[in-house]
Amino acid sequence: MEFDPNKLSWLAAPTPAAERIGRSYNALRVLIIIGVMLLGFALTLVLLSAMPSVAFGRAPAFWPVAVALVLVLCLIIKVVGRRWGKAVSMATARQLVFGAPGDALLSGWTRFRREDIAKGVEGERWTAQALEMLLAIPGTRILHGLRFPGSHVADVDHAVINGDRVVYVDSKFWKPGQYQWVDSETLASVHPRGLRRRPIHMDVLQTHPLTAKVGAEMTCHVIVHANAPGDVTFTPGRQISPTGIPVTGVQEGIDMIGHWLLQGKKAGTVDRYALARLLSLRKRARSDAGTRRGSRPLLAVQRRPAANFRPRRPAANFRPRRSARGFRPY
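Overview of the structure. On a predicted model such as this, the values are computed, not experimentally measured, just so you know. (Residues numbered from 1 in each chain as written. Predicted model: local features only at pLDDT ≥ 70, side-chain atom pairs only at ≥ 80, totals over all residues. Heavy atoms only, no water.)

Digging into the overall build of the protein
- When its secondary structure is counted, the protein shows nine helices and 13 strands.
- A burial count over the protein gives 45% of its 330 residues as buried.
- Within the protein, residue pairs in contact and separated by at least 24 positions form 75% of the contacts whose partners lie at least 6 positions apart.
- In the structure as shown, the protein presents an accessible area of about 18200 Å², 56% of it carried by carbon and sulfur atoms. (Helix = DSSP H or I, 4+ residues; strand = E, 2+ residues; numbered from the N terminus. Buried < 20%, exposed > 50% of the residue type's maximum accessible area, 1.4 Å probe, protein only. Contact = heavy atoms within 4.5 Å. Areas by Shrake-Rupley, 256 points an atom, 1.4 Å probe, with all protein chains shown as cover.)

What about the pairing of strand β5 (residues 165-174)?
- Within β5, ten of the ten residues are buried, which leaves it mostly tucked inside the rest of the structure.
- Judged by which residues are buried, β5 turns out to be covered on both faces: Arg 165, Val 167, Val 169, Ser 171 and Phe 173 on one side and Val 166, Tyr 168, Asp 170, Lys 172 and Trp 174 on the other are all buried.
- Where strand β4 (residues 155-162) folds back on β5, the antiparallel hairpin that results is connected by two residues, among which Gly 163 adopts a positive phi of roughly 65°.
- Two elements, β5 and strand β9 (residues 217-226), share ten bridges in a ladder whose sense is parallel. (Pairing = 2+ DSSP bridges.)

Examining a positive patch on the surface
- On the surface, a cluster of positive charge is made up of Lys 119, Lys 175, Arg 193 and Arg 196.
- Here Lys 119 is to be found in helix α5 (residues 114-131). (Patch = residues over 30% accessible without salt bridge, like charges linked within 9 Å, V, L, I, M, F, W, Y side chains within 5 Å. Salt bridge = Lys/Arg side-chain N within 4 Å of Asp/Glu carboxyl O. Lys, Arg positive; Asp, Glu negative; His and termini not counted. Charge placed at Lys NZ, Arg CZ, Asp CG, Glu CD.)

Overview of the pattern of salt bridges
- Counted by the stated rule, this structure contains four salt bridges.
- The salt bridge partner of Glu 217 is Arg 165, with a shortest N-O separation of 3.0 Å. With Glu 217 in strand β9 and Arg 165 in strand β5, this residue pair connects regions lying 52 residues apart in the sequence.
- When the shortest N-O distance is used, the salt bridge between Asp 170 and Lys 172 registers 3.1 Å.
- In this structure Asp 170 comes out as buried when scored by relative accessible area, which is 8%.

See the structure below:
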């Protein structure tokens, strides 16, 4: 992995002086719900006092009104709960890294070839090492292994959040060569015999409500690592997809992401509501430990994890399920 942290241009740019953790209004949310319930109770008492014959069952018209009132109150409480989401706790907001790179692949290793999974895990760990340079920007949080909308197999490799800006990062561990975008869903490697196409579905994240509405602004990025000696290059003018997703090497990718995060209006702030929405997309993986402030930022990332990769051997009569059509995890 050719990555030199000292060559990142945004390190010399002005950054927020200190990290700020956004306020949480969970208590106010609870008070509003309690107030709605008390209002409903008071209205019920008013109706009962206005119709004393209810106690003797001689006012059948009261019950439809009471049921309608209860339904309206339930609808108000549901709208308040949905529109006003929960914020993460202060302890969670101070955590820097959530999850381990490659865990989503390792937990589903029986569905894919062992060699492909080992390569995918290695690429994700290399990207995770480079992404941790973004922790130098106050307010940055990194997540690994998010659910991909519409698929039970594919996952979003990494997500970086700062303020209300979110970046989804896809790691690729491919052969050296020249790559270019063909359309919004296809990357291709250039060969003498033509283009070898590879499907990329990051554009789904730009439109799906689960991922597009996490923060006020979002973007996607594809980082390609070389899995053999050689260089990974990109066709000039074809590095950005029609939907605005760039594909780069790790050095240029971390540089672009850092500049974009620093340009946010809330740069340096931990938005506890946006972080809560992003955490709700995390997959349950083998390792669920994060890193708190002051400790080592990254889990034990090995430069060559493939040699130590020892997945369990499946049963003799085991038949793996097919992955979702059109999706590849790496």
